[in-house]
Amino acid sequence: MIILSVKTCSGLDDLNLLSSVCCYWSARVFIGTMPGLLLGDVFPNFEAETTNGKIKFHDFLGDSWGILFSHPRDYTPVCTTELGRAAKLSDEFSRRNVKMIALSIDSLEDHRGWTKDILAYNNEESGCAFPFPIIADNQRELAVALGMLDPDEKDKDGMPLTARCVFVIGQDKKLKLSLLYPATTGRNFDEILRVVDSLQLTAKNRVATPADWQPGERVMVPPNIPEEEAAAMFPAGVYTKELPSERKYLRYTPQP
């Protein structure tokens, strides 16, 4: 049992703070007793208010892939550089049939004002539309449900901020990848784009991508494919790296 000692609420701000406190402690109980989202799980079909209007997540995705990424706070330096980079790469994600959506614990009004700063950071025209929606989660309800809170980074009221989470969701609405960065470390969105390329390639072909792989480079043949089957499956050829162990597990083939 968790007992909270809270002063009498004297206004709406106090009520909002109390709600956030309760959400936070609910999250601590939830995280301590329940597993988080696992790869292959169907991603929750949540409803949320965004800068582009109210959405239901699965309807928002449609038949696209999706990336949901959270940031600790609006009007902060690292977050501004991150969303700036994400905005610059939005056409690349779109070409891959990926819909982007961000989240923080600030209000819609804050989000809309902040996107003007992000566009200015990118040296974009002030009248340009921001390329993807941002979820307003100022009660931390979605951050709690998805395990996004960073207990080590807190706001002026002592409440935890959202960590830098990344969720990649496939067309089947299942979680394909998750990343979790602390608030103090900005993400590399070029790497996230590379990961999407790998996920989409390996979803269609029985291959794996090696360390530092880039689109167009050779890929690896998984060990569970027998040699005869691999030869038939990859007509461009299979190259096996000779190793001291004499085990033939490093097998390469041109990208399908």
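Residues numbered from 1 in each chain as written. Predicted model: local features only at pLDDT ≥ 70, side-chain atom pairs only at ≥ 80, totals over all residues. Heavy atoms only, no water.

Broken down by element type, the protein chain carries 8 helices and 12 strands. Of all 256 residues assigned to the protein chain, the portion counted as buried reaches 42%. Contacts spanning at least 24 positions in sequence make up 64% of the contacts within the protein chain whose residues lie at least 6 apart. Carbon together with sulfur atoms contributes 51% to the accessible area of the protein chain, which is approximately 14,200 Å² in total. (Helix = DSSP H or I, 4+ residues; strand = E, 2+ residues; numbered from the N terminus. Buried < 20%, exposed > 50% of the residue type's maximum accessible area, 1.4 Å probe, protein only. Contact = heavy atoms within 4.5 Å. Areas by Shrake-Rupley, 256 points an atom, 1.4 Å probe, with all protein chains shown as cover.)

Turning to the side chain of Asn122, a few remarks are in order. The topology assignment puts Asn122 in the loop between α5 (108-121) and β5 (134-136). Judged by its relative accessible area of 8%, Asn122 falls in the buried class. When near neighbours in sequence (up to four residues on either side) are disregarded, Asn122 contacts Gly84, Ala87 and Lys88.

For strand β3 (residues 65-70), the tally of buried residues reaches 6 of 6 residues, placing the bulk of the element in the interior. By the alternation rule, side chains of β3 split into Trp65, Ile67 and Phe69 and Gly66, Leu68 and Ser70, which are all buried. Pairing between β3 and strand β4 (residues 98-104): 6 bridges, direction parallel. Its bridge partner lying in β4, Gly66 is registered against Lys99. Relative to strand β8 (residues 164-169), β3 is paired through 4 bridges, and the arrangement is antiparallel. From the neighbouring strand, Ile67 faces β8, where its bridge partner is Val168. (Pairing = 2+ DSSP bridges.)

Let's shift gears to the sheet that holds strand β12 (residues 251-253). Strand order in the open sheet made by the 3 strands is β10-β12-β11, with antiparallel pairing throughout. At either margin of the open sheet sits one strand with a lone partner, and together these are β10 (219-220) and β11 (239-240). Bridge count for β11 against β12 is 2 bridges, and the pairing is antiparallel. Across the sheet, Tyr239 pairs through a bridge with Tyr252, a residue of β12.

So, about helix α3 (residues 77-88). An α-helical turn contains 3.6 residues, so a residue and the one three or four places further along point in the same direction. Taking 1.5 Å as the rise per residue, α3 with 12 residues should run 16 Å; its terminal C-alpha atoms sit 17 Å apart, in good agreement. Here α3 has its buried residues at Cys79, Thr80, Glu82, Leu83, Gly84, Ala86 and Ala87. (Expected span 1.5 Å × (residues − 1).)

Once that is clear, we can look at the nonpolar core. A general feature of soluble globular proteins is that nonpolar side chains tend to end up buried together. One finds Ile67, Phe69, Leu83, Phe93, Phe130, Phe132 and Val168 to be the most contacted residues of the largest nonpolar core, which totals 27 residues. Counting residues per element, the ones that place at least two in this core are β3, α3, β4, α5, β8 and α7 (189-204). Element by element, the count of residues in this core is highest for α7, at 6 residues. With residues up to four places along the chain from it excluded, the contact list for Phe132 reads Thr51, Phe69, Leu83, Ala86, Ala87, Met100 and Ala102. Of all hydrophobic cores here, the second largest spans 22 residues; its members include Phe46, Phe60, Leu61 and Leu146. (Core = buried A, V, L, I, M, F, W, Y, C linked by side-chain atoms within 4.5 Å.)

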